[in-house]
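# What the coordinates show
Chain residues, written in single-letter form:
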Amino acid sequence: MRTLSPVKGVLVTAACAMAMLPAGAAQAGDGAGLPPTSAQAGEATATTAAPEEDAASRDSRAARMCSDAYQIGSTGHIKRKGYTIASVKQFYSPRCHRNYGYLYVWKGFRQHHKRYATNVGVYDFHAKKLLGLRIWRNTSAASFWSYPTNTVHHCTAARGAVTVPGEHKHYAYSSKRC
């Protein structure tokens, strides 16, 4: 059995704890990133809940997420048929000097659609393309991270998309940050 040093253990615990937080919980303090209430979203069943620990931990590790990342800018909301179905956020890591896109698919949507496709990345306004893109097909997960991007010196926004089979892609951007 492998053991971690105390420092690595603390870092792993912090990274896993951050990955388990609802999307609005890890933010830069202005309150703009808090998830909207059901009344704001217009859908009584749309709620946010912490993703399952195993899935969130695996996804943040796969995205090479730095544990000090925090939300920058305001949250974008993906709408479908007038209802908010997902939140899109951009995160920044001062230690790693990287930006990340984050997508959280709301519980109200997941309860009615068991399978969908998603993708999330960071749009670089200088390069005029989506970077760090990660794609999931036929998923039922709630929480998704892009790969890290080396875009901290450019204007950027996170972009997330959700596609229901047989429909066009629904997408949104977080606010532009320079």
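## Thoughts on the side chain of Asn99
Position of Asn99 relative to the elements: it lies in strand S3 (residues 98-105). Here the side chain of Asn99 touches Gln90 through a polar contact of 3.5 Å, side chain to side chain. Reaching out from Asn99, the side chain makes a polar contact with the side chain of Thr151 at a distance of 3.0 Å. Not counting residues up to four positions away in its chain, the partners in contact with Asn99 are Ile72, Gln90, Phe91, Tyr92, Val122, Tyr147, Pro148, Thr149, Thr151, Val152 and Thr156.

## Things to note about the state of the cysteines
Scanning the entire structure with this criterion turns up two disulfides. Paired by a disulfide, Cys66 and Cys96 hold their sulfur atoms 1.8 Å apart. Disulfide Cys66-Cys96: the torsion about the S-S bond is -100°, which places it as left-handed. Of this pair, Cys66 sits in the loop between helix H3 (53-62) and strand S1 (70-80) while Cys96 sits in the loop between strand S2 (83-93) and S3, placing them 30 residues apart in sequence. Owing to a relative accessible area of 9%, Cys66 belongs among the buried residues under this scheme. Across the disulfide, Cys155 is cross-linked to Cys178 (sulfur-sulfur distance 2.0 Å). When the S-S torsion is 115°, as for the bridge of Cys155 with Cys178, the disulfide is right-handed. Of the two residues, Cys155 sits in the loop between strand S6 (143-145) and strand S7 (156-163) while Cys178 sits in the segment after strand S8 (170-173), which places them 23 residues apart along the sequence.

## Some thoughts on the pairing of S3
Most of S3 is tucked away: seven of the eight residues are buried. Bridging between S2 and S3 involves eight bridges; their strand directions are antiparallel. Each residue of the ladder has a partner; that of Tyr92, found in S3, is Asn99. The turn joining S2 and S3, which pair antiparallel and follow one another in sequence, is formed by four residues; a positive phi near 55° is taken by His97. Both S3 and S6 contribute to a ladder of three bridges, which runs antiparallel. Each bridged residue has a counterpart across the sheet, and for Tyr102 the counterpart in S6 is Trp145.

Rules behind the numbers
- Residues numbered from 1 in each chain as written.
- Predicted model: local features only at pLDDT ≥ 70, side-chain atom pairs only at ≥ 80, totals over all residues.
- Heavy atoms only, no water.
- Helix = DSSP H or I, 4+ residues; strand = E, 2+ residues; numbered from the N terminus.
- Polar contact = N/O pair within 3.5 Å; in protein donor to acceptor, adjacent residues only side chain to side chain.
- Contact = heavy atoms within 4.5 Å.
- Disulfide = S-S within 2.5 Å.
- Buried < 20%, exposed > 50% of the residue type's maximum accessible area, 1.4 Å probe, protein only.
- Pairing = 2+ DSSP bridges.

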